[in-house]
Amino acid sequence: MKVFPVLGCVVVGERSALPEAARVQMRGAAVGRLLDLRAAGRLTAGHVRVAAGALGVSERTVWRWLAAPDPRPGVVPGARLVRVDRFVVTDEVRALLALWGGNVAAVQRELAERAALQSPPGVAPSLTTLRRAIRRDLSAGERAGLAGGEREARKHDVFLARPRGWRNQVWEADHVQAPVLVDVEGVARRPWVTWFVDCATNTVMGVAVTPGYPSRESVLAALRAAVLREDPFGPQGGLPEKVRVDRGKDFLSKTVAAAFGALVVEVEDLPAYTPHLKGTVEGLNRAVEVMFLVSLPGYVRQPRPGRRRARPKDELLLGFEDFTARLLGWVEWWNTVHQPGPLGGKTPLQAWEADPTPVREVSPEELWTFTLEDDGRIRVISTRGVRFRRRDYVGPWITGLAGTGVRVRFMPHHDHRIEVFDATTGRYLGPATVADEASPEQITAVRTARAARSRRLRKDLAAAQHERYAAVTRPGKPERLDAVSSMEAAAELAVADRADLSRLALPDLIPPAAAPPTWRTPPSLAARTRPDPVPPASDAGDAEAGAER
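The following refers to the structure shown. No experiment lies behind these values; they were computed from the predicted model shown.

## Thoughts on a negative patch on the surface
- There is a patch of like negative charges on the surface, built from E230, D231, E365 and E366.
- Take E366: it is sitting in helix 14 (residues 364-370).
- According to the relative accessible area criterion, E366 is partly exposed, its value standing at 42%.

## Regarding the packing of aromatic side chains
- Within this structure, the stated rule accounts for seven aromatic pairs.
- Ring centres of W330 and W333 lie 6.3 Å apart, and the angle between their planes is 35 degrees; this geometry places the pair in the tilted category. Here W330 and its partner W333 are both found in helix 12 (residues 320-336), three residues apart, which amounts to about one turn of the helix.
- What makes W330 buried here is its relative accessible area of 5%.
- The rings of F292, W330, W333 and W334 are connected pair by pair, giving a single aromatic cluster.
- It is R167 that lies over the ring of W352; its NZ or CZ is 4.5 Å from the centre.

## Some words on unusual backbone geometry
- Cis peptide bonds are those with omega within 30 degrees of zero, and the linkage from S119 to P120 qualifies with -5 degrees.
- We note that N168 has phi near 60 degrees; this positive angle belongs to a residue other than glycine.

## A look at the nonpolar core
- Counting 25 residues, the largest nonpolar core has W195, L293, F323 and W330 as its most contacted members.
- Contributions of two or more residues to this core are made by strand 4 (182-184), strand 6 (192-198), strand 7 (204-210), helix 11 (279-291) and helix 12.
- No other element matches helix 12, which puts five residues into this core.

## Looking at the side chain of K278
- Among the structural elements, K278 can be located in the loop between strand 9 (266-269) and helix 11.
- A polar atom in the side chain of K278 sits 3.5 Å from the side chain of D246.
- For K278, the residues in contact, after removing those within four places along its chain, are E172, A173, D174, D246 and L270.

## Some thoughts on the pairing of strand 16 (residues 428-434)
- Looking at chain direction, strand 13 (residues 391-394) and strand 16 are connected through two bridges and run antiparallel. When the sheet's bridge partners are listed, V394 is paired in strand 16 with T433.
- Direction of pairing for strand 15 (residues 417-422) relative to strand 16: antiparallel, over a ladder of five bridges. When the sheet's bridge partners are listed, I418 is paired in strand 16 with A432.

## Observations regarding the pattern of salt bridges
- The full count for this structure, using the stated rule, is 18 salt bridges.
- In this structure, R49 engages E59 in a salt bridge whose closest nitrogen and oxygen atoms are separated by 3.4 Å. Note that R49 is positioned in helix 2 (residues 45-55) and E59 in helix 3 (residues 59-67), a separation of ten residues in sequence.
- Residue classification places E59 among the partly exposed positions, given a relative accessible area of 32%.
- Measuring nitrogen to oxygen at the nearest pair gives 3.8 Å for the salt bridge that ties E268 to K242. In this pair, E268 sits in strand 9 while K242 sits in strand 8 (residues 242-245), placing the two residues 26 residues apart along the sequence.
- Residue class for E268 comes out partly exposed when judged on its relative accessible area of 24%.
- Several salt bridges share partner residues, and in doing so they unite E172, K242, R244 and E268 into one network.

Reading the values: the criteria
- Counting starts from 1 at the beginning of each chain's written sequence and moves along it residue by residue.
- This being a predicted model, a pLDDT of at least 70 is required before a residue's local features are given, and a value of 80 or more before pairs of side-chain atoms are given or counted; all residues contribute to the totals for chains, interfaces and linings.
- Each side-chain value is worked out from all heavy atoms of the structure, with water and hydrogens disregarded.
- Like charges within 9 Å and nonpolar side chains (Val, Leu, Ile, Met, Phe, Trp, Tyr) within 5 Å are joined into patches, using only residues over 30% in relative accessible area that form no salt bridge.
- For the accessible areas, the method is Shrake-Rupley and the probe is 1.4 Å, while residue cover comes only from the protein chains on display.
- One speaks of a salt bridge when a side-chain nitrogen belonging to Lys or Arg is within 4 Å of a carboxyl oxygen belonging to Asp or Glu.
- Counted charges follow a simple rule, with Lys and Arg positive, Asp and Glu negative, and His plus the chain ends left uncounted.
- Here the site of a charge means NZ on Lys, CZ on Arg, CG on Asp, or CD on Glu.
- Only DSSP runs of H or I reaching four residues or more are called helices, and only runs of E reaching two or more are called strands; each is numbered from the N terminus.
- Buried residues are those whose accessible area, probed at 1.4 Å on protein chains only, stays under 20% of the maximum for their type, while exposed residues exceed 50% and partly exposed ones sit between those limits.
- Here a pair means two rings of Phe, Tyr or Trp (six-membered ring of Trp) with centres within 6.5 Å. Their orientation is stacked below 30 degrees between planes, edge-to-face above 60, and tilted elsewhere.
- Two conditions define a charge sitting above a ring: the NZ of Lys or the CZ of Arg must be within 6 Å of the ring centre, and it must be within 35 degrees of the ring normal.
- Among buried residues, those of type Ala, Val, Leu, Ile, Met, Phe, Trp, Tyr and Cys that are joined through side-chain atoms within 4.5 Å constitute a nonpolar core.
- Any pair of N or O atoms that falls within 3.5 Å is considered a polar contact. Within protein, one atom must be able to donate a hydrogen and the other to accept it, and sequence-neighbouring residues count only if both atoms are side-chain atoms.
- We call two residues in contact whenever any of their non-hydrogen atoms come within 4.5 Å of each other.
- A pair of strands is labelled paired if DSSP reports no fewer than 2 bridges between them.

Written as structure tokens, this is what we have:
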């Protein structure tokens, strides 16, 4: 038997068959009841036997607890007491853990170095003591956060689930970049998907796919697909009461905000880096990858043989059109065939249609008007059409309307077509397209020439900025290896001076006028000024005569 004198108490170390929480909760109450019976003179061996059986310890252990002096208030008999001088995690240790990325050994070495520099030298905790204190004083989430940041700490958090409401009560919207390479006009790109999801039924209301980085045009296209109930978008649709977004600049742009405001839809702007606040659409982002995108050619996270992670050069990629068709087919499967667990054996579309909540609808014409951007200017139709962004737009309806004031509404980044409205009445006149639009072959040739010029420019800039330095084995200044002669340096500087137009200016060609006589001008500046012109003699005489009068 080992007795540990700590804080004036005798504590016997025993191993209990109960978990830690049960031992703390039950042992104190049981031993306290036994002490009350002993104080009343009614304690028997049967009481001790019953308590020992309930606590999972021997009768001798219970008798030792009862023989120990009365513990302090709140101290459980038989429990290991806390030492007053034990090492605890301080703010300094937390800061060092964050500095060293959770490396406990490095933190211990840092503490030892700091303790050695003290006067007199201090005592640093051992590595075992430091590890024990970190496990005891810091939770798993805190340890992960100090080692890997907030994202790692969030993996240990507990999140609450929102109660399911009714259809079209709340939608969630998000952009997600598909981890699949797609052939877009001969270039391998990862397309972006923008979609709206109904939180009550998990129904994908609308989706839009963009070959490049998404913009507000992607949001408006997905919104139109989500609201309309006509083919090929329906039967789900209607207007939501609220839409949750995550501070994306596309969702918060003026055009998208105006469209939501015109449709009387509340936009809830969630804080940044809080994906758990829109778990429905984040769950859809994960589901589309593990249930669909992982099987497509060009999947970027596919395990590769060997050490190189690059995709094979001969790998065939899907075209953008084919990828979009397959993605829309998967969305239809999700809505009509897939049965998520929370829906109780129903598909998302079945759950959406079974909801008796009325649906607020809007006509396609009004929706098209609300989801277009207006620059606020009034233009006049000329004999060449409607002038917009240095281009002329015409349409079959424009004949006979020269001189009419119109307003232009357009889809962002869609320069090939605009929608024209009467500036006075607001009546929709019709669409207009570019008058002299280039052919697809010409557009492809221009884009190819631009890409070649861009590659050549990047290559030239990289060559100009490429510098080499000598390797060193001791501390010292970096030494450049590119040798340049004095003649080469002078020639290059001369070319740079000729190219810099600011150096060609001659600021001292016309010296500034002299300062008034009352000013105290330094001699160095007075020498660089031009003297005042001497007035004619007649003018000087007239001035003197006027002064005498």
